[in-house]
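Single-letter residue listing:
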Amino acid sequence: MKKLLRILVLIMLIITIFQIANMYALYKDQLEGEYTSSLGVWSIKVNESDISSGDENLTFNMTEDNLTYVDSEHVKSQKIAPGAQAYFDIVIDPTNTDVSVLYTLNIKLDAVTTAKLKLVNVENYFQKEGETEQVLNEDVYTENEANTHEAVIPLEKINDKYLNYIRLYFEWENVEENNESDSELGQTENAKINIPLEINLKQYTGEVIGNETG
């Protein structure tokens, strides 16, 4: 009798453990499912290049092939020389993203050895694909001396399917001590000006940007 009782207790114990294990597995699956469904999607394109995760850097090289030159009466059309300006366009497509975006542009002008360039202006606006109406992005900060530009793409603009357009203007400075290298660059056929541009994107969580921290 005692032996039978022990067997029954053992069977009941096994059944209880099995039920608890099943309940835990179901609970764990439910938690994981809820957590997965609550994660925001991060899918961004910058000039058609995919950025698939946060805190990721993308580097562009701005050259004569992708710079647009501002017409000047003193410089031949679509050419640049000391005193003239050029600009580079960036298009950020965040329309498949579920969170606000904060990005920083670091323009590596110190890496340019062929000419003395400076960042003179940045235009930043939102525009829907195929439309002409532009909406100024007011949540931006530019530090010309540091060659950086920081901005926020708010979730409301992302939900409304806006693209973010940035136009960077550069000027070739006419510096006296650079006359010799400027002349050499100007006389070199098919000479190229190469400007590295690093873009860092991450989720925006409400922090202030630029000099607003002071």
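Residues numbered from 1 in each chain as written. Predicted model: local features only at pLDDT ≥ 70, side-chain atom pairs only at ≥ 80, totals over all residues. Heavy atoms only, no water.

Caption draft 1: Here's a closer look at the pairing of strand β11 (residues 162-172). Where burial is concerned, most of β11 is hidden: nine out of the 11 residues are buried. Pairing analysis gives eight bridges linking strand β5 (residues 85-93) to β11, with the strands arranged antiparallel. If you follow Ala86 over to β11, its bridge partner there is Phe170. Examined bridge by bridge, strand β7 (residues 117-128) and β11 share 11 bridges and lie antiparallel to one another. Bridge pairing in β11 places Phe126 opposite Asn164. (Buried < 20%, exposed > 50% of the residue type's maximum accessible area, 1.4 Å probe, protein only. Helix = DSSP H or I, 4+ residues; strand = E, 2+ residues; numbered from the N terminus. Pairing = 2+ DSSP bridges.)

Caption draft 2: Broad picture of the pattern of salt bridges. Applying the stated criterion to the full structure yields two salt bridges. Residues Asp89 and Arg167 are paired through a salt bridge, measuring 2.6 Å at the closest nitrogen-oxygen approach. Of this pair, Asp89 sits in strand β5 while Arg167 sits in strand β11; the two residues are 78 residues apart in sequence, bridging distant segments of the chain. Among the residues examined, Asp89 registers a relative accessible area of 32% and is labelled partly exposed. (Salt bridge = Lys/Arg side-chain N within 4 Å of Asp/Glu carboxyl O.)

Caption draft 3: Structural detail: unusual backbone geometry. Notably, Asn47 is not glycine yet its phi reads approximately 50°, a positive angle. Here Asn47 is to be found in the loop between β1 (44-46) and β2 (49-51). The partly exposed category is assigned to Asn47, whose relative accessible area is 25%.

Caption draft 4: Seen up close, the environment of Asp50. When you line up the elements, Asp50 lands in strand β2. Expressed as a C-alpha distance, the spacing of Asp50 and Asp93, which sit 43 residues apart in the sequence, is 9.4 Å. With residues near it in sequence (within four places) discarded, Asp50 still touches Ile44 and Lys45. (Contact = heavy atoms within 4.5 Å.)

Caption draft 5: Region of the structure containing the pairing of β5. Relative to β5, β1 runs antiparallel, the two sharing two bridges. Directly across from Lys45, in β5, lies its bridge partner Asp93.

Caption draft 6: The side chain of His149, seen in detail. Mapped onto the elements of the fold, His149 is located in strand β10 (residues 148-153). Taking the relative accessible area as the measure of exposure, His149 reaches 1% and is therefore buried. A polar contact is formed between the side chain of His149 and the side chain of Asn124, at a distance of 3.0 Å. When neighbours within four sequence positions are excluded, His149 is seen to be in contact with Tyr103, Thr104, Leu105, Val122, Asn124, Val140, Tyr141, Thr142 and Ile166. (Polar contact = N/O pair within 3.5 Å; in protein donor to acceptor, adjacent residues only side chain to side chain.)

Caption draft 7: Main features of the packing of aromatic side chains. Counting across every chain of the model gives three aromatic pairs. For the pair Tyr87 and Tyr169, a centre-to-centre distance of 5.4 Å together with 55° between the ring planes defines the contact as tilted. A residue pair is termed long-range when its members are at least 10 positions apart, and Tyr87 in strand β5 and Tyr169 in strand β11 qualify at 82 residues. Summarising the burial analysis for this pair, Tyr87 and Tyr169 share the class buried. (Phe/Tyr/Trp six-rings, centres within 6.5 Å; stacked < 30°, edge-to-face > 60°.)

These figures capture arrangement, not role.
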